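Given next are the chains, with one letter for each unit.
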Amino acid sequence: LAGTAVATNFLFGANGGLLKGLGKGLVRQRSQLAPVRWVSATAGATGTTGSLHRIRAISEGLSPTMMVPPSLCVSSRRSRTSVAASEEEVPVGSVSAIILAGGVGKRMGAPIPKQYLELAGQPIASYSVSVFGGMPEVGELVVVCNEEWEYIFREAYEKLPEESKKPITYARPGKERQDSVFNGVQATSASSQLLAIHDSARPLITPDDARNCMRDGLEIGAAVLGVPVKPTIKEVKEDGTVAKTLERSKLWEVQTPQCIRPALLRQGFENVRENNLEVTDDVSIIEALGKPVRITKGSYTNIKVTTPEDMSVAQRFLNDRVKDEAPAAA
């Protein structure tokens, strides 16, 4: 891609092969990166990871992260017919849900971070607490946020049914999104079998989609929710002219949660540190190891609320969901 600018960010599957590496330009050497600092959520101590470098994640950038998986790397629970290991139930209490809520949300143009704006009468970030708190597979919640916003999550937690009140821990956000993920990982239990990393600005995640991604993550080591892209995507040169039109059937927009085995993610962080790599999202860390990542087919309604227009769309999706659930409740 030398001499070109790509309209959005992609990971390319080579000749339809399993996703094992990063596309050219998505991982690059960084020799001058500042060390990050993290805060222990249990002891409140602040330390320096010294060798862990800052990583920029596209999920907080201006364009969606998209991946190009082969058909074998895409998992759709609604269409799969074979009974494999990934069809097995996720063990109860085996998942640590890391809810990222440290973003500032500049594009929203609001006086407070977007994840704390109200959507249908409650803060956007509180929806994630309700969803993951209500899943029996989740054994603990780790919220990555600034101290001044902890009350949002405490209030949401207190409203949960007693059976949904899992242990909840708080960690502090880092300079970049990926630093926040690292801090959240440090606060998880050593007994956790899987980490489900979720953006709190995605309030419409469903338990079914999250559970499917967890199953895939346990089976293959790393999985991420995604949906096939609908629009035509073009690669654009630096002068603004079209370089080529990308094959839409191979492009997927990735969402969250991104579900990764803890040991694998820690190994990935070490690789990032040793090689001064910059990656674009959580599962890219795993791809940089040469390990496979599975795309679990999600839902188009699982949008990230980033702009005022997104608020309107999310409200409409919520209204539709209430209408769909009303006949069942009756």
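Computed from a predicted structure; not experimentally measured.

1. Brief notes about the pattern of salt bridges
So, point 1. What the rule picks out here adds up to 15 salt bridges.
So, point 2. The partner of E150 in a salt bridge is R154, and the shortest N-O contact between them spans 2.4 Å. Of the two residues, E150 and R154 both sit in helix α2 (residues 150-158), four residues apart, roughly one turn of that helix.
So, point 3. The partner of R211 in a salt bridge is D208, with the nearest N and O atoms 3.4 Å apart. Here the residue R211 and the residue D208 both occupy positions in helix α4 (residues 207-220), the gap between them amounting to three residues, near one helical turn.
So, point 4. The exposure class assigned to R211 is buried, which follows from its relative accessible area of 16%.
So, point 5. The network of salt bridges with shared partners includes R177, D199, R202 and D282.

2. Brief notes about the pairing of strand β14 (residues 222-228)
So, point 1. Within β14, six of the seven residues are buried, which leaves it mostly tucked inside the rest of the structure.
So, point 2. Relative to strand β17 (residues 252-260), β14 is paired through six bridges, and the arrangement is antiparallel. Bridge pairing in β17 places V227 opposite E253.

3. Some details on the packing of helix α3 (residues 177-186) against helix α5 (residues 262-275)
Two quantities define a packed helix pair, namely the angle between the axes and the distance from one axis to the other.
So, point 1. Between α3 and α5, the least distance of the axes is 12 Å, while the angle of their chain directions is 135 degrees. As the angle between them shows, α3 and α5 are arranged oblique. In the crossing of α3 with α5, the sense of the turn from one axis to the other is left-handed. For the pair formed by α3 and α5, the contact residues are Q178, V181, F182 and V185 on the first element and L265, R266 and F269 on the second.

4. Describing unusual backbone geometry
Leaving glycine out, the prevailing phi sign among residues is negative, and the prevailing peptide bond configuration is trans.
So, point 1. Here the amide bond leading from T256 into P257 is cis, since omega sits at 15 degrees, within 30 degrees of zero.
So, point 2. For A120, which is not glycine, the phi dihedral falls at a positive 55 degrees.
So, point 3. For A120, the position within the fold is in the loop between β9 (118-119) and β10 (122-123).
So, point 4. Phi at N276 takes a positive value of approximately 50 degrees, unusual for a residue other than glycine.
So, point 5. Turning to its location among the elements, N276 is positioned in the loop between α5 and β18 (277-278).
So, point 6. Taking the relative accessible area as the measure of exposure, N276 reaches 22% and is therefore partly exposed.

5. Let's talk about the nonpolar core
So, point 1. In terms of nonpolar packing, the biggest core is built from 32 residues, with Y116, F132, V138, F153 and M214 touching the most fellow members.
So, point 2. At the level of secondary structure, the elements contributing two or more residues to this core comprise β8 (95-100), α1 (124-133), β11 (138-144), α2, β13 (194-199), α4 and β14.
So, point 3. What F132 contacts, discounting residues up to four positions off in sequence, is A97, V138, L141, K166, H198, I205, A210, M214 and P257.
So, point 4. Membership of the second largest hydrophobic core comes to 26 residues, among which are V181, V224, F269 and I286.

6. Focus: the packing of aromatic side chains
So, point 1. Inspection of the entire model under this criterion finds four aromatic pairs.
So, point 2. Where W149 meets Y151, the ring centres are 6.3 Å apart and the plane angle is 25 degrees; that geometry is what we call stacked.
So, point 3. Given a relative accessible area of 40%, Y151 falls into the partly exposed group.
So, point 4. Between F182 and F269, the ring centres sit 5.1 Å apart and the planes meet at 80 degrees, which makes this aromatic pair edge-to-face. With a gap of 87 residues between them, F182 in helix α3 and F269 in helix α5 connect regions that are remote in the sequence.

7. Notes on α5
So, point 1. In a regular helix each residue adds 1.5 Å, so 14 residues correspond to 20 Å; α5 covers 20 Å between its end C-alpha atoms and thus fits that length.
So, point 2. Here α5 has its buried residues at P262, L264, L265, G268, F269, N271 and V272.
So, point 3. At the exit of α5 stands N276, carrying a positive phi of roughly 50 degrees.

8. Description of the packing of α1 against α2
So, point 1. The N-to-C vectors of α1 and α2 enclose an angle of 40 degrees; their axes lie 9 Å apart at closest approach. Compared by their axis directions, α1 and α2 come out oblique. In this structure, α1 meets α2 at a crossing whose hand is right-handed. Residue-level inspection shows A125, S126 and V129 of α1 in contact with α2, the latter providing F153, A156 and Y157.

9. Details of the confidence of the model for the protein
Close reading of the predicted structure is inappropriate where its pLDDT is low.
So, point 1. Chain-level pLDDT for the protein is 78 on average; 71% of the residues reach the 70-or-more range.
So, point 2. Here residues 1-73 is a poorly scored stretch, pLDDT under 50, and it has 188 contacts once near neighbours within four places are set aside; other chains count.
So, point 3. Note that residues 78-85 has pLDDT below 50 and, in this model, 11 contacts with residues that lie over four places away or in other chains.

10. A look at the pairing of strand β15 (residues 234-237)
So, point 1. Alignment of β15 against strand β16 (residues 242-245), held across three bridges, turns out to be antiparallel. In the strand pairing of β16, V236 is matched with V242.
So, point 2. From the end of β15 to the start of β16, which pair antiparallel, there are four residues, and G240 there has a positive phi angle of about 90 degrees.

Definitions and cut-offs
- Residues numbered from 1 in each chain as written.
- Predicted model: local features only at pLDDT ≥ 70, side-chain atom pairs only at ≥ 80, totals over all residues.
- Heavy atoms only, no water.
- Salt bridge = Lys/Arg side-chain N within 4 Å of Asp/Glu carboxyl O.
- Helix = DSSP H or I, 4+ residues; strand = E, 2+ residues; numbered from the N terminus.
- Buried < 20%, exposed > 50% of the residue type's maximum accessible area, 1.4 Å probe, protein only.
- Pairing = 2+ DSSP bridges.
- Axes fitted to C-alpha atoms, helices over the stretch in contact; angles between N-to-C directions.
- Parallel < 35°, antiparallel > 145°, perpendicular 65-115°, else oblique.
- Left-handed = near helix turned anticlockwise from the far one by under 90°.
- Contact = heavy atoms within 4.5 Å.
- Core = buried A, V, L, I, M, F, W, Y, C linked by side-chain atoms within 4.5 Å.
- Phe/Tyr/Trp six-rings, centres within 6.5 Å; stacked < 30°, edge-to-face > 60°.
- Expected span 1.5 Å × (residues − 1).
- pLDDT = per-residue confidence, 0-100.

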